Amino acid sequence: MTTVVCGHCGHRNRLPPAAAGRPRCGNCHEPLPWIVDAGDNDFAEVAERATLPVLVDLWATWCGPCRMVSPALVQLATEKAGELKLVKVDVDRAPMLSERFTVRAVPTLLVLKEGQVVARQAGAAPVPELRSWLDRALADRSEEART
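Residues numbered from 1 in each chain as written. Predicted model: local features only at pLDDT ≥ 70, side-chain atom pairs only at ≥ 80, totals over all residues. Heavy atoms only, no water.

In the annotation of an unreviewed UniProt entry, the entry for the protein chain reads Thioredoxin, and the organism field reads Kutzneria buriramensis. The UniProt entry for the protein chain carries the following text under Sequence similarities (unreviewed entry): "Belongs to the thioredoxin family." (UniProt positions renumbered as here; feature names shortened; annotations may be inferred.)

A. Geometry of helix 2 (residues 64-79). Its 16 residues place the ends of helix 2 24 Å apart at the C-alpha level, agreeing with the 22 Å of an ideal helix rising 1.5 Å per residue. Along helix 2, the largest kink reaches about 25 degrees and is centred on Ser70; proline Pro71 follows within four residues of it. For helix 2, the full list of buried residues reads Cys66, Val69, Ser70, Ala72, Leu73, Leu76 and Ala77. Considering only its buried residues, helix 2 is in contact with strand 3 (34-37), strand 4 (54-59), strand 5 (85-90), strand 6 (108-113) and helix 4 (127-139). (Helix = DSSP H or I, 4+ residues; strand = E, 2+ residues; numbered from the N terminus. Expected span 1.5 Å × (residues − 1). Bend = angle between axes of the 7 residues up to and from the residue. Buried < 20%, exposed > 50% of the residue type's maximum accessible area, 1.4 Å probe, protein only. Contact = heavy atoms within 4.5 Å.)

B. Examining the environment of Gly82 more closely. Mapped onto the fold, Gly82 is located in the loop between helix 2 and strand 5. Given a relative accessible area of 10%, Gly82 falls into the buried group. Separated by 14 residues in sequence, Gly82 and Met68 have C-alpha atoms that sit 24 Å apart.

In structure tokens:
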């Protein structure tokens, strides 16, 4: 379980890593950002079966650009609360996912819809660039969103 403080009323909410629907504050019912960790054993349940689009951050603890982009991804997940789930995967602890998604550089970002990769980006970028990339990926229903 993850604890999230509602940005609207300050209420502390417990969110499971996997569930159907969209997380809402138990007090004011406003959408909450859904940010969770996943690994080789629970990625399918946490990310691929999610009812929301999923932004996957494939990162490493030793990676400087990963640490720089992480707050930007949290900001985007917060801006898109109720519309997006952010799933963070430490590639050193999830070697099967690293291999499956052919991770050659970190951070690598993926957008999943209904369990399918619809967009991919390697490397860190500033918030406006990431927002634009994410908005295109969420709006585009085809594989053409890949960059």
